[in-house]
Amino acid sequence: MKLRLLVASLAALFALQSGAVLASSTKSQSAGKTAASKPAPKAKAPAKAAPKKAVSSKPAPKKAVAKSGTNAKPAAKKVVARKAVPAAAAAAAAPAALGADEDAPLALDANGLPLLGSSAFYVINQNTGEVLLERNGSAVVPIASITKLMTAIVVLEAGQSLSERLTITEGDIDRLKGTGSRLALGTTLSREEMLQLALMSSENRAASALARNYPGGESAFVEAMNVKARLLGLWDTRFRDSTGLNPGNVSSPKDLARLVAASAAFPLIREFSTAHERYVDVRGRMLRFGNTNGLVRSPEWAISVSKTGYISEAGRCLVMQAWLQQQPVVMVLMDSSGRYTRTADAKRVRKWLEQGMPQRLAVAPQRAGG
């Protein structure tokens, strides 16, 4: 009995020891599993790095947006610039471009009209009376030396001798604007020479001498200019002197188109206003006087009447009767920005008419001459 009890006790003790070993091994396995599972979060570090890469990749879309934005902004600026500078910047650049390259593209506005650098203009087919182009056609503005077309009309209609000798005196000096002249005091020229220099070279002293030697003097001459304006129906037109130096000489582009058409009826105005040059004897020296409108020297133009003008109040002006497709087209360009803009505007008008509107120029019976 005692032996059986002893064996049973030993068996029980062995069982308890085995259970403790198993428990400890289980704990160690669990600890091992736990330890083995701990690197998993560490392994997630790369996964965390992946978002970092994703974050770092975000600048790529930003760069793409920045590029598209950068490309878009200049385009918008260019469009705005083209629309905003039909008269100033475009006109300032166009004269040189057109003067150097007649094939330069013609800039048009949204209505298909040429962009010009003149503040006011009026273009008309003289045969049909159709207005081809207009801006501020009724605006009453100073006209500067365009005045001299009326000066010439009054001189020629007075019937005074063209060979009579006239002398430049103190009364012909410009005391209003202080402009100079190559016609020195004491210079004696024929009335014909004075008239040509006034029209071709815009000589103010010559125009003044013509008025001063009119029957009744300068005041009677200016009165005759205003009477003639009324007779021609130039209701927006007023004259204060024969030179155009007085800013009180005003008119509208519509009126000036009529004045150009009336001037074209005088052969001497056509001849003198479009002559390239003339040499005259000024106190023993032969001096060359040239035309203030360079277009009259171009073989591509057929100009019958031409006159330029400039004072600060009027800006740079140009009026012409030019023949396009055998039709007389009168161009009036007032207050142009820049020294060469008025002639560049005339080139733009001509190009626009020849490229896009031949039917308007061809509707009247064709005739030669000017």
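The structure under discussion appears in the preceding block.
What you see is a predicted model; the values in this text were computed from it and never measured.

Undergrad: Can you help me understand the overall build of the chain in this one?
TA: Helices and strands together make up the secondary structure of the chain, namely 12 helices and 11 strands. When each of the 370 residues of the chain is scored for burial, the buried share is 42%. A separation of at least 24 residues holds for 65% of the contacts in the chain among residues at least 6 apart in sequence. Roughly 19300 Å² of accessible area belongs to the chain as shown, and the carbon and sulfur atoms make up 59% of that amount.

Undergrad: Is there a simple way to think about the pattern of salt bridges in this case?
TA: For side chains of opposite charge, pairing can occur when their charged atoms come near one another. Counting across every chain of the model gives 11 salt bridges. Notably, a salt bridge pairs Lys 177 with Glu 313, separated by 2.7 Å at the nearest N-O pair. One end of the pair, Lys 177, is in the loop between β4 (165-167) and β5 (188-190); the other, Glu 313, is in the loop between β9 (303-311) and β10 (315-324), and 136 residues separate them in sequence. Residue class for Lys 177 comes out partly exposed when judged on its relative accessible area of 30%. Arg 348 serves as the salt-bridge partner of Asp 345, at 2.4 Å between the closest nitrogen and oxygen. Of this pair, Asp 345 and Arg 348 both sit in helix α11 (residues 341-356), three residues apart, which is roughly one turn of the helix. Overall, the relative accessible area of 0% leaves Asp 345 in the buried class. Given the relative accessible area of 6%, Arg 348 is considered buried. Overlapping salt bridges, with partners in common, bring together Arg 165, Glu 193 and Arg 278 in one network.

Undergrad: Is there a simple way to think about the nonpolar core in this case?
TA: Note that soluble globular proteins tend to have their nonpolar side chains buried in a common cluster. Leu 149, Met 150, Leu 183, Met 194, Leu 197, Phe 289 and Val 332 are the most contacted members of the largest nonpolar core, which has 57 residues in total. Among all residues touching Leu 197, those that are not within four sequence positions of it are Leu 183, Leu 189, Ser 202, Glu 203, Ala 206, Val 280 and Phe 289.

Undergrad: Could you clarify how one ought to interpret helix α5 (residues 147-158) in this entry?
TA: What sets the pattern is the α-helix's 3.6 residues per turn: residues three or four places apart point alike. Spanning 12 residues, α5 covers 17 Å between terminal C-alpha atoms, matching the ideal 16 Å at 1.5 Å per step. Those residues of α5 that sit buried are Thr 147, Lys 148, Leu 149, Met 150, Thr 151, Ala 152, Ile 153, Val 154 and Val 155. Two residues or fewer past α5, Gly 159 is found with a positive phi of approximately 75°.

Undergrad: Can you help me understand the side chain of Asp 172 in this one?
TA: On the secondary structure map, Asp 172 appears in the loop between β4 and β5. Of note is the side chain of Asp 172, whose polar atom sits 2.8 Å from the side chain of Ser 208. There is a polar contact of 2.7 Å between the side chain of Asp 172 and the side chain of Arg 212. If sequence neighbours within four positions are ignored, Asp 172 has contacts with Thr 167, Arg 205, Ser 208, Ala 209 and Arg 212.

Undergrad: So what exactly am I meant to see when it comes to the environment of Arg 212 here?
TA: Looking at the secondary structure, you find Arg 212 in helix α7 (residues 204-212). Relative accessible area serves as the criterion here: at 28%, Arg 212 is assigned to the partly exposed category. The spatial distance from the C-alpha of Arg 212 to the C-alpha of Asp 172 is 8.3 Å, given a sequence separation of 40 residues. Non-local contacts of Arg 212, meaning those with residues more than four positions away in its chain, are made with Thr 167, Ile 168, Thr 169, Asp 172, Gly 217 and Glu 218. Side-chain polar atoms of Arg 212 contact the backbone oxygen of Thr 167, separated by 2.8 Å. Here Thr 169 takes part through its side chain, which lies 3.5 Å from a polar atom of the side chain of Arg 212.

Undergrad: Even after reading the chapter, I still don't get the packing of aromatic side chains, so can you show me in this structure?
TA: Any pair of aromatic rings gets described here by the distance separating the centres and the angle formed by the planes. Applying the stated criterion across every chain yields a total of one aromatic pair. Ring plane angle 85° and centroid distance 5.1 Å describe the contact between Tyr 214 and Phe 221, whose orientation is recorded as edge-to-face. You'll find Tyr 214 and Phe 221 in the same group, each marked buried. The residue whose ring lies beneath Arg 182 is Phe 289, and the NZ or CZ to ring-centre distance is 4.1 Å.

Undergrad: What exactly am I supposed to notice about the environment of Val 227 here?
TA: Assignment of secondary structure puts Val 227 in helix α8 (residues 217-231). For the pair Val 227 and Val 154, spaced 73 residues apart in sequence, the C-alpha to C-alpha distance is 9.9 Å.

What counts, and where the lines are drawn
- Residues numbered from 1 in each chain as written.
- Predicted model: local features only at pLDDT ≥ 70, side-chain atom pairs only at ≥ 80, totals over all residues.
- Heavy atoms only, no water.
- Helix = DSSP H or I, 4+ residues; strand = E, 2+ residues; numbered from the N terminus.
- Buried < 20%, exposed > 50% of the residue type's maximum accessible area, 1.4 Å probe, protein only.
- Contact = heavy atoms within 4.5 Å.
- Areas by Shrake-Rupley, 256 points an atom, 1.4 Å probe, with all protein chains shown as cover.
- Salt bridge = Lys/Arg side-chain N within 4 Å of Asp/Glu carboxyl O.
- Core = buried A, V, L, I, M, F, W, Y, C linked by side-chain atoms within 4.5 Å.
- Expected span 1.5 Å × (residues − 1).
- Polar contact = N/O pair within 3.5 Å; in protein donor to acceptor, adjacent residues only side chain to side chain.
- Phe/Tyr/Trp six-rings, centres within 6.5 Å; stacked < 30°, edge-to-face > 60°.
- Lys NZ or Arg CZ within 6 Å of the ring centre and 35° of its normal.

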